[in-house]
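Structural characterization, general
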Amino acid sequence: MPTLSKNPNSSAGLLADSEEAERRLREAEERLREAIEELQRRQRTAASADHPPCDHANDSCVANAIGNLCQSFLLSYGVRVGIGILLRAFKLARSGQPYSSLLDLKQLVSEKDLIVREEACRIGLLFGGFTGSYHALRCLLRKLRKKETPVNTILAGSIAGLSILALDDSNRRRTLALYLLARVAQCAYNSAKSKNKFHLWGSHWRHGDSLLFALACAQVMYAFVMRPESLPKSYQDFIQKTGPVAAPVYKAVRENCRGGLVDVASISAYFYSRGKSNNLKLEEFPSIIPCSVIHPDTNSCLAHNAKAASATFRKTFPLYFSLTFVPFVVLHLQKFMDTPARTCWLAVKGAVRSTSFLSAFVGIFQGVICMHRKIASKDHKLVYWVAGALSALSVLLEKKTRRSELALYVLPRAGDSLWYILVNRHLLPDVKNAEVALFCACMGGIMYYLEYEPDTMAPFLMGLIRRFLASRISNPAPSSNRTASYTYLQTLDAMKKPKLQDNREVETSTPKQYNLESIPGL
């Protein structure tokens, strides 16, 4: 049988021919790539002669704006209704009724007991209206000005900010405007600091956020005791229900600090309603309201403070759990679908931590007030400012990343109260709908930093805005001007990836992606 002889020269020749063919193929691919890129460059130049192309998909500008409006409306509406249903479930569970009542829709979501429809609609119109009008205005300004600049973003955000009129309460509008003002100031400061243009003394302090929180809480608690009308009614009610001291007692303390007449009849009626005989010798002009009036049910101040902290934990845990669980599920639906048990555990853990912080806040505040009455014989309004600042130390129980968020949440409340007091004393002019103009200006700044300097924004705020207000920004659809040449370029890039990486991608099982955009109707 004849044998095949191996010629080394022929093998070397075949190898050289193969390398030469591969080199020519690479050169042809490079020339083709350059030609396609040049073609795309000319197409972009021709398109920019009219106006810059929009970033949304094959949908028209109107369809894109309406889609964003509906998506944000349903998202924010669902969050508000979800929180209301969860709070209603906690209320039913604590009322002593059987747990089967949680499955009774008549009790769980009845119109009489679950009154959140109007508020949810207003919140949905606020978020959805801003999102839809913002995208529509961006497209309109892009076509009118025939260029894409930060001015377009600022103008679109400012005009779309008129959606704040969906809220009928001027106090809530003012609070939101001041909250955004604090956020814009934070972004501007971070931007200037990153460019080495400006920084505040003490900005490198480890607990600077806690100090800011303490100053804000001092103003809020001072306003609650001495000037409650300067706080929104809902915020007053929250503080009053969370704390252990009755409203008539706070009124007596306020009148006493101002040197006015104490309403002894109101205090007597309060004692009588609690089944206590009023044997106290309380004068109409006392030097200080004693502890026996502040906490008549307990003689020991220490026991009263411990009881107040425990009661606060029981009352506020359902609220914090709802505020932690529902937004987490909505904003991170994929994580929840992958690991629901871990999500529930994280929600419980976060709720316990936040509730412990608030319980400690109430206990410290009451402790400072009782301690002052042990060492002083005359009351002063600054005591409650100091008590608010000291009780804010409980924020150290929260995670470091949460402290700055809490500080920037309470700061607008303090600014709102200070604004009201200065206007009431005629130190600032009372401009009608000033909060609407402030909100519009701040939204223009927020959208500018979101799109052009996102690193200056807090991750929490950036994620929240991208999910609720500008969801199509964070998940842009493929651009409509991506032609076959673009697809071919992507194919060439994929061909150059190492085979090992391709194999790993094939072997790795990709989990199913769950997001709100994949649900029909959202």
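Please refer to the structure higher up on the page.
Residues numbered from 1 in each chain as written. Predicted model: local features only at pLDDT ≥ 70, side-chain atom pairs only at ≥ 80, totals over all residues. Heavy atoms only, no water.

1. Structural notes on the nonpolar core
To keep it simple, the criterion reads: We define the nonpolar core as a collection of buried residues of types Ala, Val, Leu, Ile, Met, Phe, Trp, Tyr and Cys that are connected through side-chain atoms lying within 4.5 Å of one another. Accessibility here uses a 1.4 Å probe with only protein chains present; expressed as a share of the type maximum, an area under 20% marks a residue as buried, one over 50% as exposed, and anything in between as partly exposed. Contacts between residues were defined by any pair of non-hydrogen atoms, one from each residue, lying within 4.5 Å.
Within the largest apolar cluster, 55 residues are counted, with the highest numbers of intra-cluster contacts made by Phe-213, Val-225, Val-249, Phe-325, Phe-365 and Tyr-384. Aside from chain neighbours lying at most four places away, what touches Phe-325 is Leu-86, Phe-336, Cys-344 and Ala-347. Core analysis: the second largest hydrophobic core is formed by 28 residues, Leu-141, Leu-167, Leu-450 and Ile-465 among them.

2. As for the pattern of salt bridges
Going by this rule: By salt bridge we mean one thing: a side-chain nitrogen of Lys or Arg within 4 Å of a carboxyl oxygen of Asp or Glu.
For the structure on display, the rule yields 19 salt bridges. Among the ionic pairs, Glu-229 bridges to Arg-227, the shortest N-O distance being 2.6 Å. Across the pair Glu-398 and Arg-402 runs a salt bridge, and its minimum N-O distance is 3.8 Å. Classification of Glu-398 as buried rests on a relative accessible area of 3%. Put simply, Glu-20, Arg-23, Arg-24 and Glu-27 are held in one network by salt bridges that share partners.

3. Comments concerning a nonpolar patch on the surface
This is how it is decided: A patch is a set of surface residues, each over 30% in relative accessible area and not in a salt bridge, joined within 9 Å for like charges and within 5 Å for the nonpolar side chains Val, Leu, Ile, Met, Phe, Trp and Tyr. Residue-level accessible areas treat just the shown protein chains as cover; the underlying method is Shrake-Rupley with a 1.4 Å probe. Each helix corresponds to a stretch of at least 4 residues labelled H or I by DSSP, and each strand to a stretch of at least 2 residues labelled E; elements are numbered beginning at the N terminus.
Side chains of Leu-211, Leu-215, Ile-364, Leu-382, Trp-385, Val-386, Leu-390 and Leu-393 sit close together on the surface and give an oily, nonpolar patch of about 670 Å² of accessible area. Where the nonpolar patch is concerned, the elements lending two or more residues are helix 7 (208-226) and helix 15 (382-391). It is helix 15 that provides the largest number of residues to the nonpolar patch, a total of 4 residues. By the secondary structure assignment, Ile-364 is in helix 14 (residues 340-375).

4. Quick notes on the packing of helix 5 (residues 150-160) against helix 17 (residues 434-452)
Under the convention used in this document: Inter-axis angles, ranging from 0 to 180 degrees, are taken between N-to-C directions of lines fitted to C-alpha atoms, where helices are fitted over the stretch in contact. Throughout this description, any angle smaller than 35 degrees is read as roughly parallel, any larger than 145 degrees as roughly antiparallel, any in the 65 to 115 degree range as roughly perpendicular, and the remainder as oblique. Handedness of a crossing is defined here by the sense of rotation of the near helix relative to the far one, left-handed for an anticlockwise turn of less than a right angle and right-handed for a clockwise turn. The residue classification treats Ala, Val, Leu, Ile, Met, Phe, Trp, Tyr, Cys and Pro as nonpolar and Asp, Glu, Lys and Arg as charged. All others, Gly included, are polar.
Running from N to C, helix 5 and helix 17 cross one another at 140°; their axes reach a closest spacing of 7 Å. With respect to helix 17, the axis of helix 5 lies oblique. Helix 17 is crossed by helix 5, and the crossing has right-handed handedness. Across from Pro-150, Thr-153, Ile-154, Gly-157 and Ser-158 in helix 5, the residues of helix 17 making contact are Cys-440, Ala-441, Met-443, Gly-444, Met-447, Tyr-448, Glu-451 and Tyr-452. In terms of residue class, the contact of helix 5 with helix 17 is made up of 8 nonpolar, 4 polar and 1 charged.

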